[in-house]
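What follows is the residue order along each chain.
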Amino acid sequence: MGYRRALSFSWETRDTLAVLVIALTVSFLVGAAILGVSLGQQTTTISDEFGTSYHVERVDSPSSVADASGSDSDVRLVLVGATVDGTPATVVGVPPGVSELTVRGQTIDFPRPDPGTLAVVGGPPAGETVSLATDETATSVTVTDRSGHQVLRDGWYLTRAETVSAFEATEVVTIERTDGAPATPLLSALQFFVRGTDQLVRLLQLATLASGILVGVTTYSVIRLTVKERRPDIAVLRSTGATPRQIVGVYTLRAITLAAVGLALGYSIGVILVRAVLNAAVYAGLPTSLALALTPPVIQLLGLATAVLLVAGVVAGLTASYPEATKPLDRLSSSGQSADDQSRSPLAGLFETRLLGWEATVPTVATLSVFMGVVLLLSAVIGAVGPLSGVGQQTITEPDAPHPIASNVPESYASALRSQGVAVSPEILLFEVYRNTPFVARGVNYSAYESLAHTALTTGREPTGDDEALIGASLAEATGLGVGDTLVLGGSTTPGITRIEIVGRFAGTGVQDDQLLVSLDTARHLTTTGRDGVQFIRTSGLASGDANASTIVVTDATVTRRDGSFGVAVEATNLGLSDASRSVSVTLGDATAKTALSVPSRRSKTTFVAFETPPAGTVSLSVADVTKSVTVDERGRVVESLGVSVPASIPVGGAPRISVSRGGEPVANATVSVDGQRRTTDASGTARVRFNETGTYVVSARAGSQQRNTTVTVSEDATRRPVQTLSLSPQTPTLFTSPTVTARLTNPWTQRLNTTVTIRGPGTDVERAVSLAPGGSRRVSATLPQRPAGEYTVSSQVGASEPATLTYRVRGDERLATALAGSGRYTSGGGIAQAIQLVFGNLEVLLAAVVALVSLMTVGSTTAAFTRSTYGVRKTIGVYRATGARRTDILRLVLFDTLKVGLVASAAAFVIATAAVTALLSVGELRVFGVALTPAFSPGVIAGMVLAGLGLAVASACLATGYLLLQDPAALLVDRHIPTPEGEGSITNE
């Protein structure tokens, strides 16, 4: 039958519109599906290659350690909450035959402490006996030293399992291999992304259903319009023997054809666009390894989308054609409705329209519901990352790091900036999986983090120890964890385990609510950041400063000779995150020379500047902020001052050895004078002088033209003690230097001395027992932590004597804050927001593009709906035009009606979209990478979405009406019938 081909395949302008809308919808879906599934496949492949199949599990409170035994292939560690000499500690019982692990090609062997010992990193002195106790049981053990372990925390005490066999075990941590994906992996980061990508794919599957709504509405509107236009032709066909079933089949075939053409075109556009984006990314130098192959998951998702969209087309064709195909013939005599007799919705009595009817309301509600659902999700994304890119906040990261997670910044930067009045928060991000739930943990100093994040503690207390944590309200609801719960986590980017107690719950905004806050030391153990580093530093109130300001600081300058040439050695340190250069002037006496200092990031370098040898005497030396006086001889050698080493307190009758040195070297043949006694130093630079009476004496040492005096006290009750010399290396530490203080103890007496030496400094308190033979010496050293710029004092006390002190200065002048703005990567926003920008190029542009594409699809679908409505009054429009009405007059009437229809449709769409998103949230379908996509329903958001929906409806109505206004008025008054197929039939167009 020729009419079947004519009705099914004849093409008109509105059909092109329908195909275009379907194609845009499908291209959006195809692009998102291919990228999302390809990302999932890539992360799964990476996980298989670099991940681990080891699973970490904890068992609460077995009745005893004996009950905690497991199979030989498992690593079972018994964790006991105990005290060591009254100090709370976590004690780990290690089985003697513990198995080794192989993770990413690396073999991890566990320590095997000796029976009756307690191994610790940096705890009580080795060999000391301590009390290991719980509330009911106590035992004595001997402390031994152990080195740091990759999996076990340094703060944990290790012992044999049988040592704690009498204790009630707090819990057992099991590390075992699993066949599938581990629920709580020993190495979590890759599993975090695998599970997060699975969540993203499920979200894309939901988008398929939304796309089906758009396709169904568009197809229904076009087919319905075609059917109404050809009602007289359907009457003729029915009169000549065509059955309603045949008519419905013809229009259903037409609907399938429209959907199929749109699908094919949309798939092509989607694939082309994705490949174009990836090619552009490669051309721009962005790292990407996505393979756009038609893998089974891609085919499965796109097959589902094809089925949904084709079914939507079939349903649209059936519902659009069935009412007209089954009407009695006497009701098919006219082709449409006039402005006066068109069907009215019950709402028409309340909202009377002048031209258009209310038949566009339902399809408009459907399409706007999809639009508003997408906008709600995008607002949730903005709300999630918004707090991380707050106004006035900045992030300092390592310049060459591809993303903040790979960055490593000295934590001392935070201390330095804080000392200059800048609010800072050093942070480390962890990607964790706990019992199959991916979530983000963050290593922070809570007080510093809270000052920038503005979180509020709602339950519990702030953490005080490294094994305590705070949980966000949204994460607590998703995992079922709360205050008082204990969990064991695996490492993020390095294998590891840690035990954490949740001591508080906090409320924040956006993604903050979906995080676990742990200590920085805990985060360092679970990542590869290092002892003194963090991944990034968030700041607030840091001025942008001069990007050209150098981060190089001159720390010292000395007169020396190099390769026979006289000159000045300038020591400089680059405090910044990028390699830098700085030009400085070096002044020695009356001579000045300029030199360029080039120093790598966070490194120190010595630059030699040649000078003519100055006359003998004292000259001034000045480089940048370093100024000193230097004495040189006639050959240009620096003349060091004499040093005299003698006990400050001497018992009556004592004859201590007095040492004379210059620049750390002994001075022979120096004259030592004390109260008329004269002695000459030997080759070792020493001489003995006896003190027979009490009193205060001046000890004078002379060598050549140099003389040095010091005062000693002789008393009956004086105690013989070593003489100590305190030194610091390097002498001028910087922000990221951990200097070493050394106390050199010398025994000047003729008998052995046994004593203690205590070194105290910023963040350091070290005590050591020493034993010195007559004339012997020993060095006791302690490493000081990194400190911000400023002056600090270190003391060393021998026994009960007065301590010796040393003051040093950490260089890092006030230019650091402004210089960091031009050093490395210094951007506005928080670490996660910066990571998103690095992946997607620009977050704001990405979201704007998505909104624009969804808006375009919505306009297309809504235009199809309004085309049906305006076609119903085409004759009325033709009459108005023929009787002198201007196009603007008709457009004004359409706008008046559209505002009413659009307002009702927008309000209804908002309610439907809100209900759908809320329902999906309640079943956990809107969590992606551990973040709940919870939209914000503020009055501004609600009003904005309703106005946006109203604007889209108005734009769609204008497009639909504009097509009719461009036609000749006479053409609007003529009905259109089935075109005559060539060589067939006698059906004609009137």
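Predicted model, so just to flag it, every value in this text is computed and none were measured.

### A short note on the overall build of the protein chain
Across its full length, the protein chain holds 18 helices and 47 strands. For the protein chain, long-range pairs separated by at least 24 residues make up 73% of all intrachain contacts whose partners lie at least 6 apart in sequence. A total of about 42600 Å² of accessible surface is found on the protein chain, and carbon and sulfur atoms cover 54% of it.

### Digging into the UniProt feature "transmembrane region" (unreviewed entry) in the protein chain
The residues that UniProt annotates with the feature "transmembrane region" (unreviewed entry) are residues 203-223, 255-278, 298-322, 364-386, 845-866, 901-921 and 941-966. Between the first and last C-alpha atoms of residues 901-921 the distance is 30 Å; the span itself is 100% helix and 0% strand. The span residues 941-966 is 96% helix and 0% strand, and its two end C-alpha atoms sit 37 Å from each other.

### Quick word on helix H4 (residues 231-239)
Across the 9 residues that make up H4, a large majority, 7, are buried. Buried residues of H4: Arg231, Pro232, Asp233, Ile234, Ala235, Leu237 and Arg238, and no others. Positive backbone phi, approximately 115°, marks Gly241, located one or two places after H4.

### Here's the deal with helix H15 (residues 874-882)
Every buried residue of H15 is listed here: Arg874, Thr876, Ile877, Gly878 and Arg881. Where H15 ends, the next residue or the one after it, Gly884, has phi of about 105°, a positive value.

### Points about the packing of H15 against helix H16 (residues 887-922)
In contact at an axis separation of 10 Å, H15 and H16 are set at 145° when each is read in the N-to-C sense. In the packing of H15 onto H16, the handedness of the crossing is right-handed. Every residue of H16 that contacts H15 at Ile877, Tyr880 and Arg881 is listed here: Arg887, Ile890 and Leu893. Here the residues of the contact of H15 with H16 sort into 4 nonpolar, no polar and 2 charged.

### Comments concerning the environment of Val121
Structurally, Val121 is set in the loop between strand S6 (117-120) and strand S7 (129-133). On the basis of relative accessible area, Val121 is assigned to the partly exposed category, the value being 28%. Sequence-wise, Val121 and Trp156 are 35 residues apart; in three dimensions their C-alpha atoms are separated by 8.1 Å. Apart from the residues within four sequence positions on either side, Val121 is in contact with Arg146, Ser147, Gly148 and Asp154.

### Observations concerning the nonpolar core
Grouped together as the largest cluster of nonpolar side chains are 52 residues, with contacts concentrated most on Leu516, Ile537, Val741 and Tyr808. Not counting residues within four places of it along the chain, the set of residues in contact with Ile537 comprises Gln394, Thr395, Ile396, Val409, Pro410, Tyr413, Ala414, Val424, Ser425 and Pro426.

### Thoughts on the confidence of the model for the protein chain
Mean pLDDT for the protein chain: 77, with 77% of residues reaching 70 or above. This model gives residues 63-70 a pLDDT under 50, and the stretch forms 16 contacts once residues within four places in sequence are excluded. Ignoring residues within four places in sequence, the model shows residues 977-990, a span with pLDDT below 50, making 26 contacts including any to other chains.

### With respect to the layout of surface pockets
Within this model, the second largest pocket holds a volume of roughly 1300 Å³. Forming the walls of the second largest pocket are 45 residues, and the residues nearest its centre are Gly643, Ser661, Gly663, Gly664 and Thr725. Two domains share the lining of the second largest pocket, each providing at least three of its residues, namely domain 5 (552-625) and domain 6 (642-810).

### Comments concerning the sheet that holds strand S24 (residues 580-588)
Taken in spatial order, the 4 strands of this open sheet run S25-S24-S27-S28, and their pairing is antiparallel. The sheet is open, and its two edges are formed by strand S25 (591-599) and strand S28 (626-632), each paired on a single side. For this sheet, the mean angle separating the axes of adjacent strands, direction not counted, is 25°. With 9 bridges connecting them, S24 and S25 associate as antiparallel partners. By the bridge assignment for S25, Val586 is matched with Ala593.

### Some points on unusual backbone geometry
The omega torsion of the bond from Ser729 to Pro730 falls at -10°, within 30 degrees of zero and hence cis. Mapped onto the elements of the fold, Pro730 is located in the loop between strand S38 (723-729) and strand S39 (740-746). Its identity as a non-glycine residue notwithstanding, Arg435 has a phi of 50°, on the positive side. The residue Arg435 is located in the loop between strand S13 (423-434) and strand S14 (437-444) in this model. Using a relative accessible area of 43% as the deciding quantity, one classes Arg435 as partly exposed. You will see that Asn669, though not glycine, has its phi angle at about 65°, which is positive. Tracing the backbone through its elements, the reader meets Asn669 in the loop between strand S32 (665-666) and strand S33 (671-674).

### Examining the environment of Val422
Position of Val422 among the secondary structure elements: in the loop between helix H8 (412-419) and S13. Residues Val422 and Thr539, 117 residues apart in the sequence, show an inter-C-alpha distance of 7.0 Å.

### Comments concerning the packing of aromatic side chains
Evaluated as defined, the whole model comprises 3 aromatic pairs. When the ring of Phe192 is compared with that of Phe431, the centres are 4.9 Å apart and the planes differ by 40°; the resulting orientation is tilted. Linking Phe192 in helix H3 (residues 189-229) with Phe431 in strand S13, this pair joins segments that are 239 residues apart in sequence.

### Quick notes on a nonpolar patch on the surface
A cluster of nonpolar side chains, namely Val879, Tyr880 and Leu973, defines an oily patch on the protein surface of about 230 Å² accessible area. Relative to the elements of secondary structure, Tyr880 occurs in helix H15.

### Quick word on the sheet that holds strand S23 (residues 565-574)
The strands that make up a sheet are held in pairs by hydrogen bonds between backbone atoms, and each pair lies either parallel or antiparallel. Strands sit in the order S22-S23-S26 across an open sheet of 3 strands; the sheet is antiparallel. Bordering the open sheet on either side are strand S22 (552-562) and strand S26 (604-610), each of which pairs with just one other strand. Strand after strand, the sheet turns through a mean of 25° between neighbouring axes, direction not considered. As defined by bridge partners, S23 adjoins S26 across 7 bridges and the pair is classed as antiparallel. Bridge assignment links Thr573 to a residue of S26, and that residue is Ser604.

### Some thoughts on the packing of H16 against helix H17 (residues 939-965)
Interhelical geometry of H16 versus H17 gives an angle of 145° and a closest axis separation of 8 Å. Here the hand of the crossing between H16 and H17 comes out right-handed. Residue-level inspection shows Arg887, Ile890, Leu891, Val894, Leu895, Thr898, Leu899, Gly902, Leu903, Ser906 and Phe910 of H16 in contact with H17, the latter providing Ile942, Met945, Val946, Gly949, Leu950, Ala953, Val954, Ala957, Cys958, Thr961 and Leu965. Looking at the contact of H16 with H17 residue by residue, the classes come out as 16 nonpolar, 5 polar and 1 charged.

### Regarding the environment of Thr306
Its place among the elements puts Thr306 in helix H6 (residues 296-325). Here Thr306 falls in the partly exposed class, since its relative accessible area comes to 23%. For Thr306, the residues in contact, after removing those within four places along its chain, are Leu263 and Tyr267.

### Concerning the side chain of Ser906
With respect to the helices, strands and loops of the structure, Ser906 is situated in helix H16. When its relative accessible area of 0% is taken as the criterion, Ser906 is described as buried. Polar side-chain contacts of Ser906 include one of 3.0 Å to the backbone nitrogen of Leu950. If we skip the residues at most four places from it in the chain, Ser906 touches Leu368, Met372, Val946, Gly949 and Leu950.

What counts, and where the lines are drawn
- Residues numbered from 1 in each chain as written.
- Predicted model: local features only at pLDDT ≥ 70, side-chain atom pairs only at ≥ 80, totals over all residues.
- Heavy atoms only, no water.
- Helix = DSSP H or I, 4+ residues; strand = E, 2+ residues; numbered from the N terminus.
- Contact = heavy atoms within 4.5 Å.
- Areas by Shrake-Rupley, 256 points an atom, 1.4 Å probe, with all protein chains shown as cover.
- UniProt positions renumbered as here; feature names shortened; annotations may be inferred.
- Buried < 20%, exposed > 50% of the residue type's maximum accessible area, 1.4 Å probe, protein only.
- Axes fitted to C-alpha atoms, helices over the stretch in contact; angles between N-to-C directions.
- Left-handed = near helix turned anticlockwise from the far one by under 90°.
- Nonpolar A, V, L, I, M, F, W, Y, C, P; charged D, E, K, R; others polar.
- Core = buried A, V, L, I, M, F, W, Y, C linked by side-chain atoms within 4.5 Å.
- pLDDT = per-residue confidence, 0-100.
- 1 Å grid on protein atoms, 1.4 Å probe; cavity = no way out; pocket = protein on both sides within 12 Å on 5 of 7 lines; lining within 4 Å.
- Points joined across faces, edges and corners; volume = space filled by probe spheres on them.
- Domains from an automatic or database assignment.
- Pairing = 2+ DSSP bridges.
- Phe/Tyr/Trp six-rings, centres within 6.5 Å; stacked < 30°, edge-to-face > 60°.
- Patch = residues over 30% accessible without salt bridge, like charges linked within 9 Å, V, L, I, M, F, W, Y side chains within 5 Å.
- Salt bridge = Lys/Arg side-chain N within 4 Å of Asp/Glu carboxyl O.
- Polar contact = N/O pair within 3.5 Å; in protein donor to acceptor, adjacent residues only side chain to side chain.

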